[in-house]
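What follows is each chain in one-letter form.
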Amino acid sequence: MNYFTRPTKSSDGGDGAPEWALTYGDMMSLLLVFFIAMAAYSTMDVVKYRSLVGSIQTAFGARDRTPDEAQLSSSATEGIASAGEENERREVEANIEDQFGHGTSSFEVVRTAEGMRIRLEVKTLFEIGRADLKPEAWNVLAQLAPYFKQYPYRIWVEGHTDNVPIGTELFPSNWELSAARAGTVVRTLIERGAVPPEKLVAAGYADTRPVGTNGSEEGRAHNRRVEFLLSRKLAQAPVLENTLDRPSPLIAP
């Protein structure tokens, strides 16, 4: 059918639709179909979203570009949470809050913009200036391991210290001490708690993120802690990136 033929007389003697109206109507129909498809994909899971992104890439020729060109990558969809994962996250967090969030245990549960944080003072797990667990420390970590195994996203294990320098041969500064403690907790959760290693990340922050004052012993004790951050995945659109210039991760499991 040729949309650009001259208008014809209608059956009642009037002129037919003008040429531009035919093209405009086709364009509106295509836009309607496009937005219906986008609405249908708004409640999809990650696999379906990646399929949609792949189809768009193919249609626009993004997959045919050379590796040194910036291209549309679907790797950003790894940060998109499915409905099932979000339900599982909420359930695990609710169970943790019910179990540990009432001030009756060694744990302090705090909800932050980054996600749920579980705080544990260092004295529960380590001796002062050491990074090997106390014999009774596993009894504490064993309470968290079942929840961590169920949690659908990554869990950051963070070591924190007070501002008193350590300066030993094994730990030249608080950075090494905090990182070593986080690593010890991660290894223990993997080996004894059967937490999947890909879910865990160890990080040391020394005294850079205090939660109390370092001007008193009580405040310093509160700053000497191990925190577990139950991270979240948020929906985000694909981004333009150069495949040859991806930064390497700073911290690995």
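The shown structure was predicted, so the numbers you read here are calculated from the model rather than taken from an experiment. (Residues numbered from 1 in each chain as written. Predicted model: local features only at pLDDT ≥ 70, side-chain atom pairs only at ≥ 80, totals over all residues. Heavy atoms only, no water.)

### Examining the overall build of the protein
Across its full length, the protein holds seven helices and seven strands. The linear arrangement of helices and strands in the protein, starting from the amino end, is α-α-β-α-β-β-α-α-β-α-β-α-β-β. Looking at the protein as a whole, 34% of its 253 residues qualify as buried. Pairs at least 24 residues apart make up 69% of the contacts formed inside the protein by residues separated by at least 6 positions. (Helix = DSSP H or I, 4+ residues; strand = E, 2+ residues; numbered from the N terminus. Buried < 20%, exposed > 50% of the residue type's maximum accessible area, 1.4 Å probe, protein only. Contact = heavy atoms within 4.5 Å.)

### Let's talk about unusual backbone geometry
The backbone of Ala194 sits at a positive phi, close to 60°, despite the residue not being glycine. Residue position: Ala194 is located in the loop between α6 (174-191) and β5 (200-204). Despite not being glycine, Ala206 has its phi angle at roughly 50°, a positive value. The topology assignment puts Ala206 in the loop between β5 and α7 (217-223).

### Section: the sheet that holds strand β6 (residues 225-231)
Pairing in this open sheet of five strands is mixed, and the strands run β2-β3-β6-β4-β5 from one edge to the other. Looking at which strands have only one partner, the edges of the open sheet turn out to be β2 (108-111) and β5. Across the sheet, the mean angle from the axis of one strand to that of its neighbour is 20°, orientation sign disregarded. Here strand β4 (residues 155-160) runs beside β5; their pairing, made up of five bridges, is parallel. In the strand pairing of β5, Ile155 is matched with Leu200. Strands β2, β3 (115-121) and β6 of the sheet are contacted by helix α3 (residues 83-100), whose axis makes an angle of about 140° with β2. Lying on the sheet, α6 is in contact with β4, β5 and β6; it crosses β5 at an angle near 160°. (Pairing = 2+ DSSP bridges. Axes fitted to C-alpha atoms, helices over the stretch in contact; angles between N-to-C directions.)

### Quick look at the nonpolar core
Nonpolar side chains in soluble globular proteins generally cluster together in the buried interior. Counting residues in hydrophobic clusters, the biggest one holds 33 residues, and the most contacted among them are Ile96, Leu125, Phe148, Val185, Leu189 and Phe228. Mapped onto this core, the elements with two or more residues apiece are α3, β3, α4 (137-141), α5 (145-150), β4, α6, β5 and β6. If near-sequence neighbours (up to four positions away) are discounted, Val185 is found in contact with Leu125, Phe126, Leu141, Val157, Val226 and Phe228. (Core = buried A, V, L, I, M, F, W, Y, C linked by side-chain atoms within 4.5 Å.)

### So, the side chain of Arg117
Mapped onto the secondary structure, Arg117 falls in strand β3. Assessed through its relative accessible area of 5%, Arg117 is described here as buried. Within polar-contact distance, the side chain of Arg117 engages the side chain of Glu114 at 2.8 Å. There is a polar contact of 2.8 Å between the side chain of Arg117 and the side chain of Glu158. Not counting chain neighbours up to four residues away, the residues in contact with Arg117 comprise Glu108, Val109, Val110, Thr112, Glu158, Arg209, Glu227, Phe228 and Leu229. (Polar contact = N/O pair within 3.5 Å; in protein donor to acceptor, adjacent residues only side chain to side chain.)

### Points about α6
End to end, α6 covers 26 Å across 18 residues, agreeing with the expected 26 Å (1.5 Å per residue, within 8%). Of the positions making up α6, those classed as buried are Asn174, Leu177, Ser178, Arg181, Ala182, Thr184, Val185, Val186, Thr188 and Leu189. If you follow the buried residues of α6, they end up packed against α4, α5, β4, β5 and β6. (Expected span 1.5 Å × (residues − 1).)

### Some details on the confidence of the model for the protein
Interpretation of the predicted coordinates at a detailed level should be avoided for regions scoring low in pLDDT. Scored by pLDDT, the protein comes out at a mean of 80, with 69% of its residues at no less than 70. Counted against residues more than four places away or in other chains, residues 1-5, with its pLDDT under 50, gives six contacts. Taken as a whole, residues 235-253 scores under 50 in pLDDT and shows 40 contacts with residues more than four places along the chain or in a different chain. (pLDDT = per-residue confidence, 0-100.)

### Quick look at the pattern of salt bridges
Evaluation of the coordinates by the stated rule reveals 17 salt bridges. Where Arg111 meets Glu93, a salt bridge forms, and the shortest distance between an N and an O atom there is 3.0 Å. Note that Arg111 is positioned in strand β2 and Glu93 in helix α3, a separation of 18 residues in sequence. On the basis of relative accessible area, Glu93 is assigned to the buried category, the value being 1%. Between Glu217 and Arg224 there is a salt bridge whose closest N-O contact spans 3.0 Å. When its relative accessible area of 46% is taken as the criterion, Glu217 is described as partly exposed. Overall, the relative accessible area of 15% leaves Arg224 in the buried class. Connected through shared salt-bridge partners, Glu108, Glu114, Arg117, Arg119, Glu158, Arg225 and Glu227 make up one network. (Salt bridge = Lys/Arg side-chain N within 4 Å of Asp/Glu carboxyl O.)

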